[in-house]
Amino acid sequence: MDPIRDSAVAIAAAVNRGETRASAIAAAIIPHAARVDTHVDAYLQLTPDLMRAQAERVDARIAAGERLPLAGVPVAIKDNMCLEGTRTTAGSRILGNFVAPYTATAVQRLLDAGALPIGKTNLDEFAMGSSGENSAFKMTRNPYDLERVPGGSSAGSAAAVGAFAATISLGSDTGGSIREPAAFCNVVGFKPTYGRVSRYGLIAFASSLDQIGPFARSVEDAALVYDAIAGKDPLDATSLDLRSEPTATNLPRDLRGVRVGIVKEFDTAALGESIAGCYHRAYEDLAALGATLVDVSLPTARYGLATYYLIAPAECSSNLARFDGVRYGLRVDGADVGEMYERTRATGFGPEVKRRILIGTYALSSGYYDAYYVKAQKARTRIAEDFSRAFERCDVIASPAASSPAFGFNAKSDPVAMYLMDYYTIPGSLAGLPSLSVPCGAVVPDGGTRAMPMGLQLATPLFTERALLGYAHAYEQATLHAEKLDPVEALR
Amino acid sequence: MAPDRIDIRHVARLARLALSDSEIATFGPQLGKLLSFVDELNELDTAGVAATAQVVPSRNVQRADAVRPETILTHEAALANAPQAQSGYFRVPRILAEEG
């Protein structure tokens, strides 16, 4: 039993069988995570006291005869999710001292399932970014090359699991914020169908897109977490009231009879020879497992970024209006209440958040609403319709998860260049689809020395999480790419 | 240089965001570039297409008109994060100018 490297499935089984105790898992991983984090900076805070207290509760429940699906499994939580009594910042100065007065539903369900909260992880401010560099507090480093970004916005949640400083973690994905950092950090990152997981207690960015999902070092672990957090929550009216089958059982070993769609318009050759080669091998590996590769067309996918960068900022400008210095968070005084608002928000928000608030406010403002916001919502309809048509010809769509492997710090100073990182993830987000990134090999980036992990994105129709996780599991078990890479030496 | 497409001072006022001169100088061109980027949406024919606010089929979600004790914060908890509180209320700077 190795509490640092073992899977969530193995840890929970050992704790449930009484072979080890949750308290022993906590005692082993706390000092390891603290040491690793001096290099990676995945965490905004570690929560060792909470973790030990929860471990004692779990051990008591096991001793009383209960069996818990995540018994003793260390979980890291993106710091835009509330955990009662802990500082919850969303990576922003405006919430620098905010102490959550309640716990997010997804987090509570993990605790109820026996997981142990190890800490709150760093993120791009309010989950807006693709590198982690927009955090107001620190720069998280990629565990596979400390001079490169971990991806974003769920930077710390991806890096913590990739660095073996947590077994599993929760992230949130609005346009790719789980899948892109998962690809960069050699882990599985899974965004369920919009509405599958309650957003209660998740600090809102773009409410029609935000969705919580897991990071893990295997598809089976991701499925186990998903099973624990999915399902209707009376505290989130947009959570779906659909029975969801367990996904972590009887995962298939092959892809016989599965039609895998390859998107004609996604020109991987433009990504460079080594990256294109990596994805071609991945598609061939899917075929070798018995899948049939079929060409599908998503003619409107190329409008995804433009659509997203109107809808998401519009919703963000509305959601972030609540940060006004009155009830919680930072306040900077002014002569009257209006000046107080303006100064508080000027001091509390970083540049990317300000840009998105401005563009969103503009897109919603009188005279521009129809030309920008409504137009984008109509484009969204067409993108979703394209996916529906494509899924008449295939069961799952395979594509790159990101346009490149992890890049260096300060490499994308132009906001639009950064936005292009999410070219492949955003269309599926706009359509609400379940989608994940699974490790698919490694590529030495231009100017780099180390081979960096790559992620294959798989997406399936709405509500088909079980099928999606099954396909990903079959591919993962046949290729085992994640095991071929190790974090940098300092982390071992 | 093309004039900025956004009257950024006006938008910042709408967003209740005080911007420094250097932020205005930086954000103006950046947002102009982003708007040029999203202009490509004009190529896309959306005549007769319905707007999608939310992709998943759920509508008119209703709940029982019942108190949920677990969602109620105590007075102390509700005020615990307040920048300024007084006598059990949130305290804010004056809202109306004093009468002359």
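Refer to the structure printed above.
Description of the structure in this document. (Residues numbered from 1 in each chain as written. Chains lettered and ligands numbered in written order. Predicted model: local features only at pLDDT ≥ 70, side-chain atom pairs only at ≥ 80, totals over all residues.)

Here's the deal with the overall build of chain B
This is how the line gets drawn: Numbered from the N terminus, helices here are DSSP runs of H or I no shorter than four residues, and strands are runs of E no shorter than two. The globule rule used for comparison is 2.2 Å times the number of residues to the exponent 0.38, while the radius of gyration itself is calculated over C-alpha atoms.
A tally of helices and strands in chain B yields 3 helices and 2 strands. Counting from the amino terminus, chain B carries its helices and strands in the arrangement α-α-α-β-β. Taken against the 2.2 N^0.38 rule, which gives 13 Å for 100 residues, the C-alpha radius of gyration of chain B at 23 Å runs more than 25% over that of a compact globule. Each principal axis of the C-alpha distribution contributes one length, and for chain B these read about 55 × 50 × 30 Å.

Focus: the overall build of chain A
We apply this condition: Whether a residue is buried, exposed or partly exposed follows from its count of other C-beta atoms within 10 Å of its own C-beta, namely 20 or more, 12 or fewer, or something in between, respectively; the C-beta atoms are built from the backbone. C-beta atoms are first placed from the backbone for all residues, and any pair lying within 7 Å is then listed as a contact.
Counting its secondary structure elements, chain A contains 15 helices and 11 strands. In terms of overall size, chain A behaves like a compact globule, its C-alpha atoms giving a radius of gyration of 21 Å where 492 residues would be expected to give roughly 23 Å. For chain A, with 492 residues in total, the buried portion stands at 63%. Here the analysis covers contacts within chain A between residues at least 6 apart in sequence; of these, 76% occur between residues at least 24 apart.

Observations regarding the packing of helix α9 (residues 304-319) of chain A against helix α2 (residues 21-38) of chain B
To describe two helices that pack against each other, one gives the angle between their axes and the distance between the axes. Going by this rule: Interaxial angles span 0 to 180 degrees and are taken between N-to-C directions of axes, which are lines fitted to C-alpha atoms, for helices over the stretch in contact. Just so you know how the angles are binned, under 35 degrees is roughly parallel, over 145 roughly antiparallel, 65 to 115 roughly perpendicular, and the rest oblique. Crossing handedness follows the turn of the near helix against the far one: under a right angle anticlockwise gives a left-handed crossing, and clockwise gives a right-handed one. Polarity classes work like this: nonpolar for Ala, Val, Leu, Ile, Met, Phe, Trp, Tyr, Cys and Pro, charged for Asp, Glu, Lys and Arg, and polar for all others, with Gly in that last group.
The geometry of α9 of chain A relative to α2 of chain B is characterised by a closest axis approach of 9 Å and an angle of 125° between their N-to-C directions. In terms of their interaxial angle, α9 of chain A and α2 of chain B are classed as oblique. You can see that α9 of chain A and α2 of chain B cross each other, and the crossing is left-handed. Contacts between α9 of chain A and α2 of chain B pair Ala306, Tyr309 and Leu310 of chain A from the former with Leu34, Phe37 and Val38 of chain B from the latter. Here the residues of the contact of α9 of chain A with α2 of chain B are counted per class, giving 6 nonpolar, no polar and no charged.

Some details on the pairing of strand β8 (residues 292-296) of chain A
Residue and element names in this part refer to chain A. Under the convention used in this document: For two strands to count as paired, DSSP must find a minimum of two bridges between them. By convention a crossover is right-handed if, when the strands point away from the viewer, the path from the first strand over the helix to the second runs clockwise.
Relative to β8, strand β7 (residues 259-263) runs parallel, the two being bridged by 5 bridges. Bridged to Arg259 within β8 is Thr292. Following the chain from β7 across helix α8 (residues 273-288) to the adjacent parallel β8, one finds a crossover that is right-handed.

Quick look at the packing of helix α2 (residues 22-40) of chain A against helix α3 (residues 48-63) of chain A
Residue and element names in this part refer to chain A. Their axes nearest at 8 Å, the elements α2 and α3 cross at an angle of 160°. As far as their axial angle goes, α3 and α2 are roughly antiparallel. Note on element contacts: α3 touches α2 through Pro48, Met51, Arg52, Ala55, Glu56, Val58 and Asp59, opposite Ala22, Ser23, Ile25, Ala26 and Ile30. For the contact of α2 with α3, the class distribution of residues is 8 nonpolar, 1 polar and 3 charged.

Considering the sheet that holds strand β11 (residues 452-459) of chain A
All names here are of chain A. Pairing in this open sheet of 11 strands is mixed, and the strands run β1-β3-β2-β4-β6-β5-β10-β11-β9-β7-β8 from one edge to the other. The open sheet has two free edges, formed respectively by β1 (43-46) and β8, since each of these has just one partner strand. Strand-to-strand twist in this sheet, taken as the mean axis angle between neighbours without regard to direction, amounts to 30°. Taken together, the 6 bridges between strand β4 (residues 168-173) and strand β6 (residues 211-216) define a ladder with antiparallel strand orientation. Residue pairing in the sheet places Ser169 in a bridge with Phe215 of β6. Packed on one face of the sheet, helix α7 (residues 219-229) meets β4, β5 (188-191), β6 and β10 (435-443) and runs near 145° to β6.

Brief notes about the interface of chain A and chain B
Each partner contributes to the interface: chain A provides 57 residues, whereas chain B provides 45 residues. For the side of chain A that touches chain B, the class distribution of residues is 30 nonpolar, 14 polar and 13 charged.

Quick word on the environment of Asn134 of chain A
Residue and element names in this part refer to chain A. Assignment of secondary structure puts Asn134 in the loop between β3 (116-121) and α5 (155-162). Taking the C-alpha atoms as reference, Asn134 lies 4.4 Å from Asp124; in sequence the two are 10 residues apart. In this view, Asn134 contacts Asp124, Glu125, Met128, Gly129, Gly350 and Glu352; residues no more than four positions away in its chain are not counted.

A word on the environment of Glu476 of chain A
All names here are of chain A. Position of Glu476 among the secondary structure elements: in helix α15 (residues 465-479). Under the C-beta neighbour-count criterion, Glu476 is labelled buried, with 23 such atoms within 10 Å. Separated by 258 residues in sequence, Glu476 and Ser218 have C-alpha atoms that sit 7.8 Å apart. In this view, Glu476 contacts Ser218, Val219 and Val438; residues no more than four positions away in its chain are not counted.

A word on unusual backbone geometry
All names here are of chain A. That bond from Gly152 to Ser153 is cis: its omega, 10°, falls within 30 degrees of zero. Mapping Ser153 onto the fold places it in the loop between β3 and α5. Residue Ala127 is not a glycine yet carries a positive backbone phi of 65°.

Examining α3 of chain A
All names here are of chain A. Filter applied, for reference: Expected helix span is given by 1.5 Å per residue-to-residue step, counting one fewer step than there are residues.
For α3, with 16 residues, the first-to-last C-alpha span of 22 Å sits near the 22 Å given by 1.5 Å per residue. Tucked into the core, α3 has its buried residues touching α1 (8-16), α2, α4 (105-112) and β3. Following α3 by one or two positions, Gly65 has its phi on the positive side, about 105°.

So, α4 of chain A
Residues and elements named next belong to chain A. Burial analysis of α4 places 6 of its 8 residues in the buried class, the great majority of the element. Among the residues of α4, Thr105, Ala106, Val107, Gln108, Arg109 and Leu110 are the ones counted as buried. A positive backbone phi angle near 100° is found at Gly114, which sits one or two residues after α4.

Notes on the environment of Gln86 of chain B
With respect to the element layout, Gln86 of chain B can be found in strand β1 (residues 85-86). On a C-alpha basis, the gap between Gln86 of chain B and Ile24 of chain B in space is 37 Å, while along the polypeptide they are 62 residues apart.

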